[in-house]
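Here is how the chains run, residue by residue.
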Amino acid sequence: MKHAEPEVVLQQPRTSRVFFYGLFMDAALLRDKILNPTVIGPARLRDYRIHIAERATLIPSTGACALGFVMDLSNDQADALYSEPSVRDYKPEHVEVELVDSGATSDALCYNLPHDAHRTGSNPAYASKLSELIIALGLDAAYAEQVAAFAQQP
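This structure is a prediction, so every number in the text was calculated from the model and none was measured. (Residues numbered from 1 in each chain as written. Predicted model: local features only at pLDDT ≥ 70, side-chain atom pairs only at ≥ 80, totals over all residues. Heavy atoms only, no water.)

Section: the packing of helix H3 (residues 124–136) against helix H4 (residues 141–148)
So, point 1. Where H3 meets H4, the axes come as close as 8 Å, and the angle between the chain directions of the two elements is 175°. By the angle between their directions, the pair H3 and H4 is classed as roughly antiparallel. Contacts between H3 and H4 involve Ala127, Leu130, Ser131, Ile134 and Ile135 from the former and Ala141, Tyr143, Ala144, Val147 and Ala148 from the latter.
So, point 2. A class-by-class count of the residues in the contact of H3 with H4 yields 9 nonpolar, 1 polar and no charged. (Axes fitted to C-alpha atoms, helices over the stretch in contact; angles between N-to-C directions. Helix = DSSP H or I, 4+ residues; strand = E, 2+ residues; numbered from the N terminus. Parallel < 35°, antiparallel > 145°, perpendicular 65-115°, else oblique. Contact = heavy atoms within 4.5 Å. Nonpolar A, V, L, I, M, F, W, Y, C, P; charged D, E, K, R; others polar.)

So this is what it looks like as structure tokens:
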């Protein structure tokens, strides 16, 4: 009697949909870090506003709107990305974003600083780079100006 070969089942890595609102919305930057994001597209996160102090973060703000990009990323890659020393304080939060191209909503993770952390100081260089990236990615020019204003703050 011949025994059947065991069936090999390859598991796909678990992925998360992530809303990026800082320099990580640049998929090329993520690929340079040897990550493999799947770009879903530009998105809005309503009732949050961007704040750039020493670092960028999103702050709840009724009526405001933060812009960014949604990407699918394996859970292992997201964990590796946010274990880097410069971003390890960011924690995932569940949010609902609106995809700009379709108007559809999607659940996503948004890595954000805790509400009591890093809201002081300034980082004009980061604000300038982010403003340039927002324009390069084709997001709203008025939003880029809002971000660029953080470069002017002392």
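Still to come is the rest of the account.
Concerning H3
So, point 1. Between its terminal C-alpha atoms H3 stretches 18 Å, which fits the 18 Å expected from 13 residues at 1.5 Å a residue.
So, point 2. Restricting attention to buried positions, one finds in H3 the residues Tyr126, Ala127, Leu130, Ser131, Leu133 and Ile134. One side of H3 holds all its buried residues, which, seen down the axis, span an arc of 165°. Across from the buried face of H3, at angles greater than 90 degrees, the exposed residues are Ala125, Lys129, Glu132 and Ala136.
So, point 3. Lining the buried residues of H3 we find strand E2 (38–52), strand E3 (56–74) and H4.
So, point 4. In the stretch just after H3, Gly138 is the one whose phi turns positive, near 80°. (Expected span 1.5 Å × (residues − 1). Buried < 20%, exposed > 50% of the residue type's maximum accessible area, 1.4 Å probe, protein only. Arc of directions from axis to C-beta.)

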